[in-house]
Amino acid sequence: MIILILELLILIVLLIVIFWLICLIFAQIFGAPTVYSSKKAIIDTLKLAGLKKDELVIDLGCGNARVLILAAKEFGAQGIGIDRSPFCFLRSKLSVFLSGQREKIKIVFGDFEKVESHLSKADVIYLYLLNSANRKIENWLFKNISSKTRIVSLAFTFSKHSPKKSIFTKTLGRKTQTSLYIKG
Ligand SMILES: C[S@@+](CC[C@H](N)C(=O)[O-])C[C@H]1O[C@@H](n2cnc3c(N)ncnc32)[C@H](O)[C@@H]1O
């Protein structure tokens, strides 16, 4: 009986690892790789955005939802996170549940380019993608946000818009530029 339970546990762990690996490969091929912003980078970037209590932050590609959890805990903000990796979606849901911030944060599964109805409500949009991904969504993003929205992009930039301000922070152990963009 004990051996059967052990075999079952090993099988479950193996299935989780396989699921995680498939999602990693999926994210690597079709979007930005699944690496997460450091706590310092998130706080510095949200301060750069001037995030205030009760404002709405949208994280396009929310990964593990840490950005939204810190935004809720440290700034009192509301959050929406969107991710198309099933692993990141489930992980974000679990992290939000465990953080006790369920009332403030909503996690959506899917391609963020298909859920633009949220965008115009955002006070702050957080990005940690790739230069190529930023440039692919640049026209769509700036077209769909309102004039009050501040976009902050960690490590990567846009090609047609210049940052209003850039600062340096630290993520993945490296000094990294994070930039603030405003429409118009
Ligand atoms: C580099 S991670 C950043 C995670 C989180 N924002 C952070 O800063 O810690 C990028 C995330 O974007 C997601 N992603 C990339 N392209 C996407 C798309 N078109 N729609 C939804 N999610 C996407 C990936 O699955 C990945 O989880």
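Residues numbered from 1 in each chain as written. Predicted model: local features only at pLDDT ≥ 70, side-chain atom pairs only at ≥ 80, totals over all residues.

Draft legend 1. Expanded view of the packing of helix H2 (residues 39-48) against helix H3 (residues 66-75). For the pair H2 and H3, the least separation of the axes is 10 Å and the interaxial angle reads 60°. Here H2 is positioned oblique relative to H3, judged by the angle of their axes. Where H2 crosses over H3, the two elements pack in a sense that is right-handed. For the pair H2 and H3, the contacting residues are Lys-39, Ile-42, Ile-43 and Leu-46 in the first and Arg-66, Val-67, Leu-70, Ala-71, Glu-74 and Phe-75 in the second. (Axes fitted to C-alpha atoms, helices over the stretch in contact; angles between N-to-C directions. Helix = DSSP H or I, 4+ residues; strand = E, 2+ residues; numbered from the N terminus. Parallel < 35°, antiparallel > 145°, perpendicular 65-115°, else oblique. Left-handed = near helix turned anticlockwise from the far one by under 90°. Contact = placed C-beta atoms within 7 Å.)

Draft legend 2. Up close: the pairing of strand S6 (residues 165-171). Where S6 lies against strand S7 (residues 174-182), seven bridges are found, and the strand directions are antiparallel. Among the inter-strand pairings, Lys-170 is bridged to a residue of S7, identified as Lys-175. As consecutive antiparallel partners, S6 and S7 are separated by two residues, and within that stretch Leu-172 has a phi angle of approximately 50°, a positive value. (Pairing = 2+ DSSP bridges.)

Draft legend 3. Local environment of the environment of Lys-143. Residue position: Lys-143 is located in helix H5 (residues 131-144). Using a count of 10 C-beta atoms within 10 Å as the deciding quantity, one classes Lys-143 as exposed. Put simply, Lys-143 and Leu-119 are 24 residues apart on the chain and 9.8 Å apart in space, counted from C-alpha to C-alpha. (Buried ≥ 20, exposed ≤ 12 C-beta atoms within 10 Å, placed from the backbone.)

Draft legend 4. Local environment of unusual backbone geometry. You will see that Ala-65, though not glycine, has its phi angle at about 70°, which is positive. Within the fold, Ala-65 resides in the loop between strand S1 (56-60) and H3. The backbone of Leu-172 sits at a positive phi, close to 50°, despite the residue not being glycine. Examined against the element boundaries, Leu-172 turns out to sit in the loop between S6 and S7.

Draft legend 5. Highlighting the environment of Ser-179. You can see Ser-179 is positioned in strand S7. Sequence separation of Ser-179 and Leu-127 is 52 residues, and the distance between their C-alpha atoms is 9.9 Å. Contact partners of Ser-179, with chain neighbours within four places excluded, come to Val-152, Ser-153, Thr-157, Pro-163 and Ser-166.

Draft legend 6. Local environment of the nonpolar core. Membership of the largest hydrophobic core comes to 43 residues, with the highest contact counts inside it found for Leu-51, Val-57, Leu-68, Ala-71, Val-124, Ile-125 and Leu-127. If one sorts the elements of this core by residue count, H3 sits on top with seven residues. Setting aside its immediate chain neighbours within four residues, Ile-125 contacts Ile-58, Leu-60, Ile-145, Thr-149 and Ile-151. (Core = buried A, V, L, I, M, F, W, Y, C linked by C-beta atoms within 7 Å.)

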